[in-house]
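Coordinate analysis (summary)
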Amino acid sequence: MHILYIHQYFSTPNGKATTAAYDFVRRWAKAGHRITVLTSTARLVNEDVGGSVDGRRRHRFRVDGVDVLAYRVRYGQTMGFVRRLWSFFVFSMVSAWHAVRIADVDVVFASSSPLTIGIPAIAARWLRGRPFVFEVRDVWPEVPIQMGVLRNRFLIGLARYLERTIYRQSSAIIAVSPGMADLVRRVAPPHKRVFMVPNNSDAESFRPDVDGASVRAQRGWDGKIVCVHTGAMGKVNGVDVLVRAAERLRDQPRVLFALIGEGSEKPRLVEEVRRRGLTNVQIADGIPKRDMPAMLAAADLCLMTVTPVPILEHNSANKFFDYLCAGRPVLLNYGGWQREALEEAGAGVGTMTSPRPGNFASL
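Residues numbered from 1 in each chain as written. Predicted model: local features only at pLDDT ≥ 70, side-chain atom pairs only at ≥ 80, totals over all residues. Heavy atoms only, no water.

1. Section: a positive patch on the surface
Taken together, the side chains of Arg57, Arg58, Arg60 and Arg72 make up a positively charged region of the molecular surface. Topologically, Arg58 is positioned in strand β3 (residues 58-63). (Patch = residues over 30% accessible without salt bridge, like charges linked within 9 Å, V, L, I, M, F, W, Y side chains within 5 Å. Areas by Shrake-Rupley, 256 points an atom, 1.4 Å probe, with all protein chains shown as cover. Salt bridge = Lys/Arg side-chain N within 4 Å of Asp/Glu carboxyl O. Lys, Arg positive; Asp, Glu negative; His and termini not counted. Charge placed at Lys NZ, Arg CZ, Asp CG, Glu CD. Helix = DSSP H or I, 4+ residues; strand = E, 2+ residues; numbered from the N terminus.)

So this is what it looks like as structure tokens:
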């Protein structure tokens, strides 16, 4: 089977972003399927393309038996709202053009977010008769609406129309958490097949027996109780709660908070740590995904946080599964299915029943 996988933020272990899409497609390729990935260069690095990512408008390369076609479409959390919308629009148009031109495709697999990733899948269905599966990794447009990012009534109406159209035209829908699946079913046609397939981790790399001693020595963590937060530091991640927790524990010199990653909120967090004079917080740059198993092995506790918006209880971050595969205890500051699974397995605890403003300060 030839699967066309469309994902705007495809990343390999050479990069610093999640590799969920990479993990799926390489396993499909190993199972004998032909895979073509259509993506942007937003999360790729020079090592992936064998040169400068910004050197050409289009890159073709092959990784672990998978063909990748990547267009130079920039995206970053530091972009403003209008620039992000433009990035979504440009990639949807470029990928729609190629989705109808790539030959011998049996099925299209479109993985959101953003919601506009469904546009090339619809184009392939309408113009070439190709069935498509739509994967919901974030419930758009509900998440940006509840976050207060999407406020324009016209754009909200347009986004809701696109959501309904994508669900209606798809052959099947995949949601990555039970709550997301329920939200999709409220919007999708009653007959539509909706499957819950949770996120994943690479259990071959993330294991409890990985040695993190060298990381602890290099980062000066020996003798410390290290609480690690990895990944994005954007508005949705609510990392401020960790700075407040560190301030409460400033008289406990053995407890150290290590925040590893990138994001729009990172400069502000750095300044806030400096302003409060906190010596028990380290904010460091993100690392390639291939180096993350040793980083988690060096941690005593792994942290999951979100900003206090109820819909984010349904989130399904890949790092949650990385933490579990690494055998690290997990502390999260929200309720929902992840907390229930975590506490049922005895793998960690949550600090509250559900995310509501005000409760986060009690961490």
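2. Topic: the sheet that holds strand β14 (residues 348-350)
Taking strand neighbours across the sheet as the criterion, the six strands line up as β11-β10-β9-β12-β13-β14 in an open arrangement whose pairing is parallel. Here the strands that pair on one side only, and so sit at the sheet edges, are β11 (281-284) and β14. The mean inter-strand angle of the sheet, taken between neighbouring strand axes irrespective of direction, is 20 degrees. Pairing between strand β9 (residues 225-230) and strand β10 (residues 255-260): six bridges, direction parallel. Bridged to His229 within β10 is Leu259. Of the strands in this sheet, β9, β10, β11 and β12 (301-304) touch helix α9 (residues 240-248), which is tilted by about 160 degrees from β10. (Pairing = 2+ DSSP bridges. Axes fitted to C-alpha atoms, helices over the stretch in contact; angles between N-to-C directions. Contact = heavy atoms within 4.5 Å.)

3. Here we look at the packing of aromatic side chains
On inspection of all chains with the given rule, the structure shows 11 aromatic pairs. Measuring from ring centre to ring centre gives 6.1 Å for Phe24 and Trp28, while their planes differ by 35 degrees; the resulting arrangement is tilted. Here the residue Phe24 and the residue Trp28 both occupy positions in helix α1 (residues 20-30), the gap between them amounting to four residues, near one helical turn. Here Phe24 falls in the partly exposed class, since its relative accessible area comes to 22%. Classification of Trp28 by relative accessible area gives partly exposed; the value is 22%. These aromatic residues form a ring-pair network of at least three members: Tyr5, Phe24, Trp28 and Phe109. (Phe/Tyr/Trp six-rings, centres within 6.5 Å; stacked < 30°, edge-to-face > 60°. Buried < 20%, exposed > 50% of the residue type's maximum accessible area, 1.4 Å probe, protein only.)

4. Structural notes on the pattern of salt bridges
According to the stated counting rule, one finds 23 salt bridges in the structure shown. The partner of Asp240 in a salt bridge is Arg268, with the nearest N and O atoms 2.8 Å apart. Here the residue Asp240 occupies a position in helix α9, and Arg268 occupies one in helix α10 (residues 266-276), the gap between them amounting to 28 residues. Given a relative accessible area of 27%, Asp240 falls into the partly exposed group. Among the ionic pairs, Arg276 bridges to Glu247, the shortest N-O distance being 2.5 Å. Placement of the pair is Arg276 in helix α10 and Glu247 in helix α9, with a sequence separation of 29 residues. Judged by relative accessible area, Arg276 falls into the partly exposed class, the value being 22%. Look at Glu247 and you get partly exposed, because its relative accessible area is 29%. The structure contains a network of salt bridges with shared partners spanning Glu247, Arg250, Glu272, Arg275 and Arg276.

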